[in-house]
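Single-letter residue listing:
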Amino acid sequence: MPPKSEPKKASWNSRETEDMIAFLHSEYQRTGNTSFTQSTFVAAAARIQALRNSGVAKTYKHCQSKWRSLKAQFAAADRLASSSGAGASYDPQMGVDATTPSEQNVIDEFATKNSCWIPLL
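Residues numbered from 1 in each chain as written. Predicted model: local features only at pLDDT ≥ 70, side-chain atom pairs only at ≥ 80, totals over all residues. Heavy atoms only, no water.

A. Inspection of the overall build of the protein chain at higher detail. Of the regular secondary structure elements, the protein chain holds four helices and two strands. Considering the protein chain as a whole, with its 121 residues, one finds that 31% of them fall into the buried category. Sequence separation of 24 or more characterises 55% of the internal contacts of the protein chain that already satisfy a separation of 6 or more. Of the roughly 8200 Å² of accessible surface on the protein chain, a fraction of 53% belongs to carbon and sulfur atoms. (Helix = DSSP H or I, 4+ residues; strand = E, 2+ residues; numbered from the N terminus. Buried < 20%, exposed > 50% of the residue type's maximum accessible area, 1.4 Å probe, protein only. Contact = heavy atoms within 4.5 Å. Areas by Shrake-Rupley, 256 points an atom, 1.4 Å probe, with all protein chains shown as cover.)

B. Focus on the side chain of glutamate 16. Residue placement: glutamate 16 occurs in helix H1 (residues 14-31). Not counting residues within four places of it along the chain, the set of residues in contact with glutamate 16 comprises Ser11, Ile48, Leu51, Arg52 and Lys58.

C. Region of interest: the packing of aromatic side chains. For the coordinates displayed, the defined rule picks out two aromatic pairs. Look at phenylalanine 36 and phenylalanine 41: their rings are 6.0 Å apart centre to centre, the planes differ by 85 degrees, and that puts the pair in the edge-to-face class. The class of phenylalanine 41 is buried, set by a relative accessible area of 3%. Plain terms: the ring middles of phenylalanine 36 and tryptophan 67 are 5.6 Å apart, the flat faces sit at 65 degrees to each other, and that makes the pair edge-to-face. With phenylalanine 36 in the loop between H1 and helix H2 (38-48) and tryptophan 67 in helix H3 (residues 60-83), this residue pair connects regions lying 31 residues apart in the sequence. (Phe/Tyr/Trp six-rings, centres within 6.5 Å; stacked < 30°, edge-to-face > 60°.)

D. Looking closely at the nonpolar core. Core analysis: the biggest nonpolar cluster contains 13 residues, and Trp12, Met20, Leu24, Phe41, Cys63 and Trp67 have the highest contact counts within it. Going through the elements one at a time, H1, H2 and H3 are the ones with two or more residues in this core. Element by element, the count of residues in this core is highest for H2, at four residues. Ignoring any residue separated from it by four or fewer positions in sequence, one finds leucine 24 in contact with Phe36, Thr40, Phe41 and Trp67. (Core = buried A, V, L, I, M, F, W, Y, C linked by side-chain atoms within 4.5 Å.)

E. Region of the structure containing the pattern of salt bridges. One pass over the full model with this rule turns up three salt bridges. Between glutamate 16 and lysine 58 there is a salt bridge, with its nearest N and O atoms 2.8 Å apart. With glutamate 16 in helix H1 and lysine 58 in the loop between H2 and H3, this residue pair connects regions lying 42 residues apart in the sequence. Taken as a pair, glutamate 16 and lysine 58 share a single burial class, namely buried. Across the pair arginine 47 and aspartate 19 runs a salt bridge, and its minimum N-O distance is 2.8 Å. (Salt bridge = Lys/Arg side-chain N within 4 Å of Asp/Glu carboxyl O.)

F. Just the packing of H1 against H2, in detail. Between H1 and H2, whose axes approach to 10 Å, the crossing angle comes to 140 degrees. As the angle between them shows, H1 and H2 are arranged oblique. You can see that H1 and H2 cross each other, and the crossing is right-handed. Residue-level inspection shows Glu16, Asp19, Met20, Phe23, Leu24 and Glu27 of H1 in contact with H2, the latter providing Thr40, Phe41, Ala43, Ala44, Arg47 and Ile48. When its residues are assigned to classes, the contact of H1 with H2 shows seven nonpolar, one polar and four charged. (Axes fitted to C-alpha atoms, helices over the stretch in contact; angles between N-to-C directions. Parallel < 35°, antiparallel > 145°, perpendicular 65-115°, else oblique. Left-handed = near helix turned anticlockwise from the far one by under 90°. Nonpolar A, V, L, I, M, F, W, Y, C, P; charged D, E, K, R; others polar.)

Have a look at this one:
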């Protein structure tokens, strides 16, 4: 049996990402389950195809991988908010508010490693 090939690396635009998240959120509201199945990611991939402006067409594996990455980045942002100290605060709508240079350094380092969160910071 030949080895399984990995899907080509996908390039995501913000509309694709936002639409996939909105779709997964609606699935969560419908089912109450965040352990999404392969068929859910297949549906997500089909839904975002019209939003693609470059790169390969997204497969369910691309969507599944993107979701895992977003969850990991959210967990990192949540840890940042929880451990940033008394002077910094985080609001999902407004982003991070740092009051000291050291807090700003922590936020800047996080942003460097997690570029998709820059709009929230």
